[in-house]
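Listed below are the residues making up each chain.
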Amino acid sequence: MTAIARVDTAAFARNVERLGARGAPSEVMLAVKADAYGHGMLDLAPVALAAGASSLAVLEIPAALALRSAGIPNRLFAWLHGADSDFASAIEADIDLGVSSGRELQAITAAAAQLGRPARVHLKIDTGLRRNGALPEDWPALVTAAASAAAAGRVVIEGIWSHLADASVEDDLAAIGVFETAVAQAAALGVVPPLRHLAASSAGWREPRARYDVVRFGIAAYGVSPFDDLSAAEMGLEAVMTLSTTVAPDSAPDRQCWIAAGYADGVPLAARGASVLIDGRRCAVDRVEVDRTLVTIADPVDEGSPVIVFGDPTTGAPTAAEWAGWASTIGDEIITGAGARARREVV
């Protein structure tokens, strides 16, 4: 037996409802990028919408097309594009597209012209993260070009948006200032779209000023806190994924045992001070291999005994956030890493 990633859809729904209440009256655009952080995009997308999200966000067009093919009728937003992005298929499927540059806008309008129907676009201003988006000095030119494309029937400008760096409160407030300046500049150029969105999980929880019309909640919906000083439990959020396995039959040194999951199954390789839960007791991790992990035990355990790598802290299990601390990374990496080979069970 290798690892099992159990996904609790009821917990996920409660998290989405909790976040929606926190961000109200702003709408919730639920991020299901990276296959819903390894939880299963097609499984969780309808749950998110039933729990109050009005739209869904992904990184790339193929994921949005998969959601549309699965029968999702709501607004779908994709923002990470490359030279070979299939804008024509996105336009045909009514997928909203993030636009970060004049080059992207030209490619999108060319596809729209060929199809004879407009693209739905959200113009992105870079507020300091440098992930993508038009720099402030390039912003008026992008807005002007988009306004011309809208007048020609090539695009419908649905939104202005950006990402926050979430580096500090001061940095976020400065970024909000850049964003509001960009919105005002766009309005002066005649562009006043219906949606403004800036906040993700962190600012969506802590900074009401950043919520605007839509909050793009992501990692928090999966029961992982975006903060170092506030746990998911303290936010009223529940763990959605439990990564479990069993005690393996392989022989091990005295007072140690192997468990049947390793770094190929989502157990982080570079973790110091980590532990797992065996028969209700925390056991220290000694060594992580590709298919198995060696742990220290206080008392003998039987082959096949249940092991929780991470999951619900109310059971005594380590959380994904704890593993992130042990591995010097973020909770996003822990939960998405479990989705690669572990067998996913959606309940």
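These numbers come from a predicted model, not from an experiment.

Excluding glycine, most residues fall at negative phi; most peptide bonds, likewise, are trans. Of note, the bond from A24 into P25 is cis; its omega dihedral lies within 30 degrees of zero at 10 degrees. As for its position among the elements, P25 is in the loop between α1 (9-23) and β2 (27-31). One non-glycine residue, Y37, adopts positive backbone phi at about 55 degrees. Mapped onto the elements of the fold, Y37 is located in helix α2 (residues 33-37).

A separate point is the pairing of strand β6 (residues 119-124). Looking along a regular strand, one sees the side chains alternate between the two faces of the sheet. Among the six residues in β6, five count as buried, and that is most of the element. Once you follow strand β5 (residues 96-99) into helix α6 (residues 102-115) and on to β6, the crossover reads as right-handed. Traced from β6 through helix α7 (residues 139-151) to strand β7 (residues 155-161), the parallel crossover comes out right-handed.

To continue, consider a nonpolar patch on the surface. On the surface, Y263, L269 and V290 cluster together into a nonpolar patch covering about 280 Å² of accessible area. Structurally, V290 can be placed in the loop between β13 (281-288) and β14 (293-296).

Describing two packed helices takes the angle between their axes plus the distance from one axis to the other. Where α1 meets helix α3 (residues 41-50), the axes come as close as 9 Å, and the angle between the chain directions of the two elements is 40 degrees. Judged by the inter-axis angle, α1 sits oblique to α3. The two elements α1 and α3 cross, and the hand of that crossing is right-handed. Of the residues in α3, those touching α1 at T9, F12, A13 and V16 are L44, V47 and A48. When the residues that make up the contact of α1 with α3 are grouped by side-chain class, the tally is six nonpolar, one polar and no charged.

Let us now look at the packing of α6 against α7. Contact geometry of α6 with α7 gives a least axis separation of 10 Å together with a crossing angle of 10 degrees. The angle between α6 and α7 places the two elements in the roughly parallel class. Residues G102, L105 and T109 of α6 form the contact with α7, whose own contacting residues are L142, A145, A146 and A149. The residue inventory of the contact of α6 with α7, partitioned by class, reads five nonpolar, two polar and no charged.

The next thing to look at is the sheet that holds β14. What the eight strands build is an open sheet, ordered β11-β14-β13-β12-β15-β10-β1-β16; its pairing is mixed. Bordering the open sheet on either side are β11 (256-259) and β16 (343-346), each of which pairs with just one other strand. Between one strand and the next, the sheet's axes are offset by a mean angle of 35 degrees, whatever the strand orientation. Two strands pair when backbone bridges link them, and strand β12 (residues 275-278) and strand β15 (residues 306-310) are joined in this way by two bridges, in the antiparallel orientation. In the sheet register, L277 faces β15, and the bridge partner there is I308.

Calculation criteria
- Residues numbered from 1 in each chain as written.
- Predicted model: local features only at pLDDT ≥ 70, side-chain atom pairs only at ≥ 80, totals over all residues.
- Heavy atoms only, no water.
- Helix = DSSP H or I, 4+ residues; strand = E, 2+ residues; numbered from the N terminus.
- Buried < 20%, exposed > 50% of the residue type's maximum accessible area, 1.4 Å probe, protein only.
- Right-handed = clockwise from strand over helix to strand, strands pointing away.
- Patch = residues over 30% accessible without salt bridge, like charges linked within 9 Å, V, L, I, M, F, W, Y side chains within 5 Å.
- Areas by Shrake-Rupley, 256 points an atom, 1.4 Å probe, with all protein chains shown as cover.
- Salt bridge = Lys/Arg side-chain N within 4 Å of Asp/Glu carboxyl O.
- Axes fitted to C-alpha atoms, helices over the stretch in contact; angles between N-to-C directions.
- Parallel < 35°, antiparallel > 145°, perpendicular 65-115°, else oblique.
- Left-handed = near helix turned anticlockwise from the far one by under 90°.
- Contact = heavy atoms within 4.5 Å.
- Nonpolar A, V, L, I, M, F, W, Y, C, P; charged D, E, K, R; others polar.
- Pairing = 2+ DSSP bridges.

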